[in-house]
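# Examining the three-dimensional arrangement
For reference, the chains in residue letters:
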Amino acid sequence: AHMMASSPCGTFVEDVLKACSGSRMHDVEDLRSIRTILFGDARPDGGRLYGQLALGDARLCLCHVILTLFHSVELMHHRAGQPERFVLLTAGLFRTRFLPP
């Protein structure tokens, strides 16, 4: 949990949460805009529209990020043998970086 909260790996988590928090992710346009924010405007060759599988990437990223955050919170409960200061630092980093203000 500390490594994810204090390293550049956490930037992906922040980006996904920020992109998905302002969208309902309900229709194709919502998914297309989130996918563009996360991955850029790369479309398949020939100018074809995104397929349903490609648009599912946005939802899949959100699910992956949420599961990763839940797993990190679960790992924070296993703190036997960890110094109290380290546990408080990790919880503070996690709260500051990933929870809404």
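Reading the values: the criteria
- Residues numbered from 1 in each chain as written.
- Predicted model: local features only at pLDDT ≥ 70, side-chain atom pairs only at ≥ 80, totals over all residues.
- Heavy atoms only, no water.
- Helix = DSSP H or I, 4+ residues; strand = E, 2+ residues; numbered from the N terminus.
- Contact = heavy atoms within 4.5 Å.
- Areas by Shrake-Rupley, 256 points an atom, 1.4 Å probe, with all protein chains shown as cover.
- Core = buried A, V, L, I, M, F, W, Y, C linked by side-chain atoms within 4.5 Å.
- Buried < 20%, exposed > 50% of the residue type's maximum accessible area, 1.4 Å probe, protein only.
- pLDDT = per-residue confidence, 0-100.
- Axes fitted to C-alpha atoms, helices over the stretch in contact; angles between N-to-C directions.
- Parallel < 35°, antiparallel > 145°, perpendicular 65-115°, else oblique.
- Left-handed = near helix turned anticlockwise from the far one by under 90°.
- Nonpolar A, V, L, I, M, F, W, Y, C, P; charged D, E, K, R; others polar.

## Comments concerning the overall build of the chain
Within the chain one finds 5 helices and 0 strands. In the chain, the succession of helices and strands from N to C terminus is α-α-α-α-α. Across the chain, contacts joining residues at least 24 apart in sequence account for 58% of those joining residues at least 6 apart. Element-wise, carbon and sulfur atoms account for 63% of the exposed surface of the chain, whose accessible area totals about 7100 Å².

## A look at the environment of Asp 30
Here Asp 30 shows up in helix H3 (residues 28-39). Separated by 28 residues in the primary sequence, Asp 30 and Ala 58 have C-alpha atoms spaced 9.6 Å apart. Setting aside anything within four residues of it in sequence, one finds Asp 30 in contact with Ser 23, Arg 24 and Met 25.

## Considerations on the nonpolar core
Nonpolar side chains tend toward joint burial in soluble globular proteins. Counting 17 residues, the largest nonpolar core has Ile 34, Leu 69 and Phe 98 as its most contacted members. Going through the elements one at a time, helix H1 (2-6), helix H2 (9-21), H3, helix H4 (52-76) and helix H5 (84-98) are the ones with two or more residues in this core. The greatest single-element share of this core, amounting to 5 residues, is contributed by H4. Other than its neighbours up to four places away in sequence, Ile 34 contacts Ala 19, Cys 20, Ser 23, Met 25 and Ala 58.

## Focus: the confidence of the model for the chain
For the chain, per-residue confidence averages 80 on the pLDDT scale, and residues scoring 70 or more make up 86% of the total. For the chain, H1 is the element with the lowest average pLDDT, namely 74, and H2 is the one with the highest, namely 86.

## What to know about unusual backbone geometry
Phi is positive for Met 25, which is not a glycine, with a value near 55 degrees. Assignment of secondary structure puts Met 25 in the loop between H2 and H3. When its relative accessible area of 10% is taken as the criterion, Met 25 is described as buried.

## Looking at the packing of H2 against H3
Put simply, H2 and H3 touch, their axes get as near as 10 Å, and they point 155 degrees apart. Accordingly, the angle class assigned to the pair H2 and H3 is roughly antiparallel. In terms of crossing hand, the pair formed by H2 and H3 is right-handed. Along the contact surface, H2 presents Asp 15, Val 16, Ala 19 and Cys 20, while H3 presents Ile 34, Ile 37 and Leu 38. Residue classes in the contact of H2 with H3 are distributed as 6 nonpolar, no polar and 1 charged.

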